[in-house]
Protein chains: 2
Amino acid sequence: MFSKTCEYGLRAVIFIALESNVDKKVSITAIADAIESPQAFTAKILQQLTKNKIVQSIKGPNGGFFIDDKSLKTVALSNIVAVLDGDAIYTGCGLGLHQCNDKKPCPLHFKFVEIRENLKKMLESTTLFELATDMNLKEYFLKN
Amino acid sequence: MFSKTCEYGLRAVIFIALESNVDKKVSITAIADAIESPQAFTAKILQQLTKNKIVQSIKGPNGGFFIDDKSLKTVALSNIVAVLDGDAIYTGCGLGLHQCNDKKPCPLHFKFVEIRENLKKMLESTTLFELATDMNLKEYFLKN
DNA sequence: AAAATAAAAGACAAATTAATCCTTTATTGT
DNA sequence: ACAATAAAGGATTAATTTGTCTTTTATTTT
Ligand code: FES
Ligand code: FES
């Protein structure tokens, strides 16, 4: 479904969101440990997300990654996926045609678009704030 | 969503199904041309599908690929995806946890499982026969 | 100012996926 | 039997994704 980059990215951001919710910044070491991902690789991913204003970062002692209150409420999972995997998942043809198109549909088009739209809506409607608060109520895991 | 292998495989099989519906066999050249895919690569994919009894093949003049009437009715898209991409798409965690599990769910689990199940059901309920007859009624495309 | 900390940046390396090319095997028609 | 046809099989190459390692830049504490 998603690339490894995107999987690690989503997990990392969710973890940062959780900590940001209690005003903590987290280092790349702490993140890689919490989500059980290759540290250097995860650092690269967070670099991209920082450039794209999904997360914020501060260098030096007591620095680290965090997400400001506004972003926490406005950033949805769809935004993260768009940055890391592009929008093929939102607009691409399930059978790999160059153009997904109602007028020139592949045999799976109408069935596939339905699934794709549901996925899109789900990602768009899931904000970091929702996930962060939800994780305080129920037990969820970012590694296993 | 699917690998290139799977995309080409699905398109190829749908094309073969269409032709088999009118008792025609098709060569790898005709297939690659019809679905606009790299010929040698598509040949490899069909080799796998032949081994897994999704399609049948006959060598030599007047040979080619085809799908027998029984397979046409019993083979669903889910079977093709399973052969070419494995079942990660049916059982894997959306955030890439090693194990997707109701008891130790990732933060996206319950929302993601719903999407995943819908995709699974769609693929399971779409048979080659349905696609082949459907394509005779409405205009669908296997390339663009 | 110097040392320590932590992310950013850049250059590589490894692994996987996508794709090609060449040879072999099976089948058919002449 | 022989030439032609078409898939099967094997080896190789190319491209992309995944992952590592080292250096640089920014910030803070002493
Ligand atoms: S054309 Fe294939 S999904 Fe739209
Ligand atoms: S644990 Fe992540 S989808 Fe089930």
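One structure accompanies this document, and this report is about it. (Residues numbered from 1 in each chain as written. Chains lettered and ligands numbered in written order. Predicted model: local features only at pLDDT ≥ 70, side-chain atom pairs only at ≥ 80, totals over all residues. Heavy atoms only, no water.)

1. Topic: the pattern of salt bridges
In a structure, side chains of opposite charge can pair up when their charged atoms sit close to one another.
Point 1. A complete count under the given rule lists six salt bridges over all chains for this structure.
Point 2. For the salt bridge of Lys111(A) with Glu130(B), the shortest nitrogen-to-oxygen distance reads 2.8 Å. Residue Lys111(A) is found in helix H7 (residues 109-125), and its partner Glu130(B) is found in helix H8 (residues 128-137); the two belong to separate chains.
Point 3. Residue Lys111(A) is classed as partly exposed on the basis of its relative accessible area, which comes to 28%. (Salt bridge = Lys/Arg side-chain N within 4 Å of Asp/Glu carboxyl O. Helix = DSSP H or I, 4+ residues; strand = E, 2+ residues; numbered from the N terminus. Buried < 20%, exposed > 50% of the residue type's maximum accessible area, 1.4 Å probe, protein only.)

2. Here's the deal with the protein's contact with DNA strand D
Point 1. In the region of DNA strand D, 26 residues are neighbours, and Tyr8(A), Pro38(A), Ser27(B), Lys44(B) and Ser57(B) sit closest.
Point 2. Protein-proximal atoms of DNA strand D, defined as those within 4 Å of the protein, fall in sugar or phosphate at a share of 65%.
Point 3. Here a phosphate oxygen of DNA strand D sits 3.0 Å away from a polar atom, N or O, in the main chain of Lys4(A).
Point 4. Here Gly60(B) contributes a backbone N or O atom positioned 3.2 Å from a sugar or linking oxygen of DNA strand D. (Near = heavy atom within 4 Å. Polar contact = N/O pair within 3.5 Å; in protein donor to acceptor, adjacent residues only side chain to side chain.)

3. Quick word on the environment of Arg116(A)
All names here are of chain A.
Point 1. Looking at where arginine 116 falls in the secondary structure, it is placed in helix H7.
Point 2. Owing to a relative accessible area of 8%, arginine 116 belongs among the buried residues under this scheme.
Point 3. Put simply, arginine 116 and leucine 142 are 26 residues apart on the chain and 25 Å apart in space, counted from C-alpha to C-alpha.

4. Some points on the relation of the copies chain A and chain B
Point 1. Overlay of chain A on chain B (RMSD 0.1 Å): rotation 180°, translation along the axis 0.0 Å. In symmetry terms, the pair is related by a two-fold rotation axis. No C-alpha of chain A lies nearer the rotation axis than that of Met1(A), which sits 2.3 Å from it. (Least-squares fit on C-alpha atoms with pLDDT ≥ 70 in both.)

5. Quick word on the packing of aromatic side chains
Point 1. Under the criterion given, the structure shown has two aromatic pairs over all chains.
Point 2. Ring geometry for Tyr8(A) against Phe41(A): centres 5.8 Å apart, planes inclined by 90°, an arrangement best described as edge-to-face. Of this pair, Tyr8(A) sits in helix H1 (residues 4-20) while Phe41(A) is found in helix H3 (residues 39-51), placing the two residues 33 residues apart along the sequence.
Point 3. Classification of Phe41(A) as partly exposed rests on a relative accessible area of 35%.
Point 4. Sitting over the face of the ring of Phe141(B), Lys104(A) holds its NZ or CZ atom 4.8 Å from the ring centroid.
Point 5. Positioned above the aromatic ring of Tyr140(A), the side-chain terminus of Lys138(A) is 5.6 Å from the ring centre. (Phe/Tyr/Trp six-rings, centres within 6.5 Å; stacked < 30°, edge-to-face > 60°. Lys NZ or Arg CZ within 6 Å of the ring centre and 35° of its normal.)

6. A word on the layout of surface pockets
Point 1. A volume near 310 Å³ is recorded for the largest pocket.
Point 2. Lining the largest pocket are 17 residues, with Met1(A), Phe2(A), Glu7(A), Ala88(B) and Ile89(B) sitting closest to its centre.
Point 3. Those elements giving two or more residues to the lining of the largest pocket turn out to be H1 of chain A together with helix H6 (88-91) of chain B.
Point 4. Partitioning the lining of the largest pocket into residue classes produces nine nonpolar, five polar and three charged.
Point 5. Tallied by class, residues from the lining of the second largest pocket come to eight nonpolar, four polar and two charged. (1 Å grid on protein atoms, 1.4 Å probe; cavity = no way out; pocket = protein on both sides within 12 Å on 5 of 7 lines; lining within 4 Å. Points joined across faces, edges and corners; volume = space filled by probe spheres on them. Nonpolar A, V, L, I, M, F, W, Y, C, P; charged D, E, K, R; others polar.)

7. Some thoughts on the protein's contact with DNA strand C
Point 1. Near DNA strand C there are 26 residues, and of these Lys44(A), Ser57(A), Tyr8(B), Pro38(B) and Pro61(B) occur at the shortest range.
Point 2. When the atoms of DNA strand C within 4 Å of the protein are sorted by group, sugar and phosphate make up 65%.
Point 3. Between DNA strand C and Lys44(A), the relevant distance is 2.6 Å, taken from a base nitrogen to a side-chain nitrogen or oxygen of the residue.
Point 4. A distance of 3.0 Å separates a phosphate oxygen of DNA strand C from a polar backbone atom of Lys4(B).
Point 5. Taken together, the elements giving at least two residues each to the surface near DNA strand C come down to H3, strand E1 (56-58) and strand E2 (64-66) of chain A together with helix H1 (4-20) and helix H3 (39-51) of chain B.
Point 6. Top contributing element to the surface near DNA strand C by residue count: H3(A), with four residues.
Point 7. Of the residues assigned to the surface near DNA strand C, the class counts are ten nonpolar, ten polar and six charged.

8. Side note on the side chain of Thr126(A)
Point 1. Within the secondary structure layout, Thr126(A) lies in the loop between H7 and helix H8 (128-137).
Point 2. Within the local environment of Thr126(A), its side chain forms a polar contact with the side chain of Lys111(B), the two groups lying 3.0 Å apart.
Point 3. Sequence-distant contacts of Thr126(A), that is, excluding residues within four places in its chain, are made with Val75(A), Ala76(A), Leu77(A), Leu131(A), Leu108(B) and Lys111(B). (Contact = heavy atoms within 4.5 Å.)

9. Description of the interface of chain A and chain B
Point 1. Listed per partner, the contact involves 42 residues of chain A and 41 residues of chain B.
Point 2. Interface of chain A and chain B: buried area, both sides summed, is about 3,700 Å²; carbon and sulfur atoms make up 69% of it.
Point 3. Our count for the contact surface shared by chain A and chain B stands at two salt bridges.
Point 4. Applying the counting rule to chain A against chain B returns twelve residue pairs in polar contact (both at pLDDT 80 or more).
Point 5. Put simply, the parts of the chain that give the side of chain A that touches chain B at least two residues each are H1, H7 and H8 of chain A.
Point 6. Looking at the side of chain A that touches chain B, the element that brings in the most residues is H7(A), giving eight residues.
Point 7. Here the side of chain A that touches chain B is composed, by residue class, of 24 nonpolar, seven polar and eleven charged. (Buried area = accessible area lost by both parts, 1.4 Å probe.)

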